[in-house]
Amino acid sequence: MAATMVLGVVGKDGLAQIKVRVQDFKTKLQIKQGTGLYINESIWAKRNDEKARDKFLKHDDIRRTLETADEIRRTVNSIFEERGTISKEELRELIQSIVYREEIEQQRVEKEEAERQAAEKAKITLVQFIDKYVTEIKSGARQTERGTNFSPNTVRSVKQALVQFQRFCKYKKKEYNFSDIDMQFYHDFTSYLKAEIKDKKGTVLKEAYNVNTTGKCIRTLKNILSIAESEGLHSNSIWKDKKFKGTRIETESIYLTREDLNKIMKADLSKHGIGHDQARDIFMVGVWTAQRVSDYNYITKEQIYTHTKRWIEDVPDPENPGQTKAEIRTKEIMYISLIQKKTGAQVSIPVSSELKGILEKYDYCLPHLEDQVINRYLKDICKEAGLTESVEILETKGGTPVRNRYPKWDLVHTHTARRTGATLMYLSGMDLYDIMKITGHTTPVMLKKYIKADKLDIIEKITDKYNYFD
């Protein structure tokens, strides 16, 4: 088989189309296909004349035509040698790929660029993605890594942090997109969060946020950028820099003593509505379970279990003085078993007598109040309980440590219940690892951050446990 280049019919202008002829006598293959290349008949006739060819090759159009025709011939022969055959359709496609190579490549580049621009245009901006993300975690369309819905508290917390970013964009009169997030943005955003902003009349438009609130905004934004990157919305990695961090410091928080709790339970709430009484009970459930408000404010009857413990004990035998007999003893143990909404950890909490009294009051169907309502009512409850002593708290204002004093009632909120419960367990002598099984903390280090016993409480605990100081 051989592929040869032949000239077609010459037109009035002296030009004729170059065609490729493929012949194989063994397989009786006969194909003739036009190439779309045209050349003057006299030039074609002298194409193998060295002197004439050198002259022709000085003309770009002629040179390209002859070189292309030769490439077609060589390529067809190479294919046939390798495969032993070629179809007319394959030959046609081969010729087009060679003759129109530049046009095809240009079309490919233009198509890719058009697709790139369309994809870029279709990508949502950072602000749009934030709105979409908040909507999806609120509706349940986007879930946690554990496949569960985000808790209302988490949704609220994320929304509040991202609102600060959107307000910052408005303040800077710029809609920051993914590519705009760099270290300069980080410094500008954190400075904005830590600053108190006033209008020309001196009215405060934005309060100065402390280190933890600022850090929370940064961590939430970093999480958004991470999710958006995983979904192919951007490739900006500056936010991963170790300097682009959401700083967090351990804040001073209070816990309530047994005496404080007794005062709260004895407080006269008659001048308030039933909601205050319910808020007190819900808060106390948080104390005796040492759970987060997202868990203790949602305890249901289905989460409460009773287990019968049985054991054999030797007791005096009244029928045989001086001897004993074995008796089966039983004890009813009530406990609450729940899966923590924030971590997904399953915990079991023994029901104390105080907790049982609250559960029985509501026939084991606890009421539910919104967290903000509980916090608001707690201020009234703790005032009525007489928790008015002044407490000094170390805070940060605009990044500067400041010591302020507040009445104790003003520092009590829903999370105080969890800190109080963990601290009272610790002061009772309970082992840290046993407390962790109830609170759901994964390490003693994390648990110790919740234990807020003061120095005198710890001294009492140590002297009660050891006789070294007697």
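Quick caveat, the model's predicted, so the values are computed rather than measured.

### Focus on the overall build of the chain
The helix and strand inventory of the chain stands at 18 helices and ten strands. Against the globule reference of 23 Å for 470 residues, the chain gives a C-alpha radius of gyration of 41 Å, more extended than a compact globule. With the C-alpha coordinates aligned to their principal axes, the bounding extent of the chain is approximately 130 × 80 × 50 Å. Here the chain, with 470 residues, has 38% of them falling under the buried criterion. Total accessible area on the chain stands at roughly 28600 Å², and carbon and sulfur atoms take up 49% of it. Considering the chain, the positive charge centre built from 81 side chains and the negative charge centre built from 70 side chains are found 4 Å apart.

### Some details on the sheet that holds strand E8 (residues 346-350)
Here three strands make up an open sheet; going across it, the order is E6-E7-E8 and the pairing antiparallel. Looking at which strands have only one partner, the edges of the open sheet turn out to be strand E6 (304-316) and E8. Across the sheet, the mean angle from the axis of one strand to that of its neighbour is 35°, orientation sign disregarded. Pairing between strand E7 (residues 324-339) and E8: five bridges, direction antiparallel. For Ser337, the partnering residue across the bridge sits in E8 and is Ser348.

### Remarks on the pattern of salt bridges
Enumeration over the complete set of coordinates arrives at 30 salt bridges. A salt bridge links Arg63 to Asp60; its shortest N-O distance comes to 3.3 Å. You can see Arg63 and its partner Asp60 sitting in helix H3 (residues 60-83), three residues apart, about one turn around the helix. Judged by its relative accessible area of 43%, Asp60 is partly exposed. A salt bridge links Glu389 to Lys408; the shortest N-O distance between them is 3.6 Å.

### Regarding the side chain of Asn297
Of note, Asn297 is situated in the loop between helix H12 (293-296) and E6. Note on Asn297: relative accessible area 2%, which makes it buried.

### Brief notes about the sheet that holds strand E2 (residues 15-24)
An order of E1-E2-E3 is seen for the three strands of this open sheet, with the pairing classed as antiparallel. Taken across any chain shown, the strands that pair with only one partner, and hence form the sheet edges, are strand E1 (2-10) and strand E3 (29-40). The average angle at which neighbouring strand axes cross in this sheet is 25°, direction not considered. Along the sheet, H3 contacts E1, E2 and E3; its crossing angle with E3, the most-contacted strand, is approximately 165°. Helix H4 (residues 88-99) contacts E2 and E3 of the sheet and is inclined by roughly 20° relative to E3.

### Brief notes about the packing of helix H8 (residues 183-194) against helix H9 (residues 211-230)
Interaxial distance between H8 and H9 falls to 9 Å at its minimum, and their mutual angle equals 140°. Between H8 and H9, the angle is such that the two are oblique. Note that H8 runs across H9; the crossing there is right-handed. Every residue of H9 that contacts H8 at Phe185, Tyr186, Phe189, Thr190, Leu193 and Lys194 is listed here: Thr214, Cys217, Ile218 and Leu221. Class assignment of the residues belonging to the contact of H8 with H9 gives a composition of seven nonpolar, two polar and one charged.

### Comments concerning helix H7 (residues 152-172)
Taking 1.5 Å as the rise per residue, H7 with 21 residues should run 30 Å; its terminal C-alpha atoms sit 30 Å apart, in good agreement. What H7 keeps buried is the set Val155, Ser157, Val158, Ala161, Leu162, Gln164, Phe165, Phe168 and Cys169. Turning to H7, the residues buried within the fold contact helix H6 (126-139), H8 and H9. Positive phi shows up at Lys173, right after H7, with a value of about 55°.

Parameters and conventions
Residues numbered from 1 in each chain as written. Predicted model: local features only at pLDDT ≥ 70, side-chain atom pairs only at ≥ 80, totals over all residues. Heavy atoms only, no water. Helix = DSSP H or I, 4+ residues; strand = E, 2+ residues; numbered from the N terminus. Rg over C-alpha atoms; globule rule 2.2 N^0.38 Å. Buried < 20%, exposed > 50% of the residue type's maximum accessible area, 1.4 Å probe, protein only. Areas by Shrake-Rupley, 256 points an atom, 1.4 Å probe, with all protein chains shown as cover. Lys, Arg positive; Asp, Glu negative; His and termini not counted. Charge placed at Lys NZ, Arg CZ, Asp CG, Glu CD. Pairing = 2+ DSSP bridges. Axes fitted to C-alpha atoms, helices over the stretch in contact; angles between N-to-C directions. Salt bridge = Lys/Arg side-chain N within 4 Å of Asp/Glu carboxyl O. Contact = heavy atoms within 4.5 Å. Parallel < 35°, antiparallel > 145°, perpendicular 65-115°, else oblique. Left-handed = near helix turned anticlockwise from the far one by under 90°. Nonpolar A, V, L, I, M, F, W, Y, C, P; charged D, E, K, R; others polar. Expected span 1.5 Å × (residues − 1).

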